Amino acid sequence: MQNPITPTSPARTVMVLDDHILYRDILVRLLDMQAHLEVIGQTDFSDQAMSMVLNLKPDIVLAAPCQNPEANLLFIEKLLSQPQDTCILLIASTCGTED
């Protein structure tokens, strides 16, 4: 478990995963305004996402698996099986419109 954030703590590193580039950009801008967080990468749930997470080793992966939830949740399951100390935070939302 990671140590709590204190005023002198180094920033936690964050990687943002989302298939919607506009939503991803908004998340990155919001996170960049937080002094205790540093966005070190962003991508969609593509083949490069796993290698980016494993190479960058962020403290936190912020993921919004809305576009293709089944495949993206399988990706997250694979990520959880990797030996690492990365925390994964899922953002849940409704996708599309229903009548």
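The structure we're discussing is the one just above.
Residues numbered from 1 in each chain as written. Predicted model: local features only at pLDDT ≥ 70, side-chain atom pairs only at ≥ 80, totals over all residues. Heavy atoms only, no water.

What about the packing of helix 2 (residues 47-56) against helix 3 (residues 69-80)?
The axes of two packed helices give the description: the angle between them and the distance between them.
1) Next: The interhelical angle for the contact between helix 2 and helix 3, taken along N-to-C directions, is 30 degrees, at an axis separation of 11 Å. Classed by the angle they form, the pair helix 2 and helix 3 counts as roughly parallel. Where helix 2 crosses over helix 3, the handedness of that crossing is right-handed. Touching A49, M50 and V53 of helix 2 are F75, K78 and L79, all from helix 3.
2) Next: Its residues assigned to classes, the contact of helix 2 with helix 3 shows 5 nonpolar, no polar and 1 charged. (Axes fitted to C-alpha atoms, helices over the stretch in contact; angles between N-to-C directions. Helix = DSSP H or I, 4+ residues; strand = E, 2+ residues; numbered from the N terminus. Parallel < 35°, antiparallel > 145°, perpendicular 65-115°, else oblique. Left-handed = near helix turned anticlockwise from the far one by under 90°. Contact = heavy atoms within 4.5 Å. Nonpolar A, V, L, I, M, F, W, Y, C, P; charged D, E, K, R; others polar.)

Overview of the side chain of T13
1) Next: Mapped onto the elements, T13 comes out in strand 1 (residues 12-18).
2) Next: According to the relative accessible area criterion, T13 is buried, its value standing at 16%.
3) Next: Setting aside residues no more than four positions away along its own chain, T13 makes contact with E38, I40, K57, P58, D59 and I60. (Buried < 20%, exposed > 50% of the residue type's maximum accessible area, 1.4 Å probe, protein only.)

Things to note about the environment of L89
1) Next: Counting through the fold element by element, L89 comes out in strand 4 (residues 87-90).
2) Next: The partly exposed category is assigned to L89, whose relative accessible area is 48%.
3) Next: In this structure the C-alpha to C-alpha distance between L89 and A64, which are 25 residues apart in sequence, comes to 8.5 Å.
4) Next: If sequence neighbours within four positions are ignored, L89 has contacts with V61, L62 and A63.

Here's the deal with helix 2
Structurally, the α-helix is built with 3.6 residues per turn, so residues lying three or four positions apart point the same way.
1) Next: A49, M50, M52 and V53 are the residues of helix 2 that are buried. For helix 2, the buried positions fall inside an angular range of 165 degrees around the axis, keeping them on one side. Set apart from the buried face of helix 2 by more than 90 degrees, the exposed residues are D47 and N55.
2) Next: Buried residues along helix 2 sit in contact with strand 1, strand 2 (37-43), strand 3 (60-64) and helix 3.
3) Next: Of the residues one or two after helix 2, K57 is the one with positive phi, at around 50 degrees. (Arc of directions from axis to C-beta.)

Remember, this is a structural readout, not a statement about activity or role.
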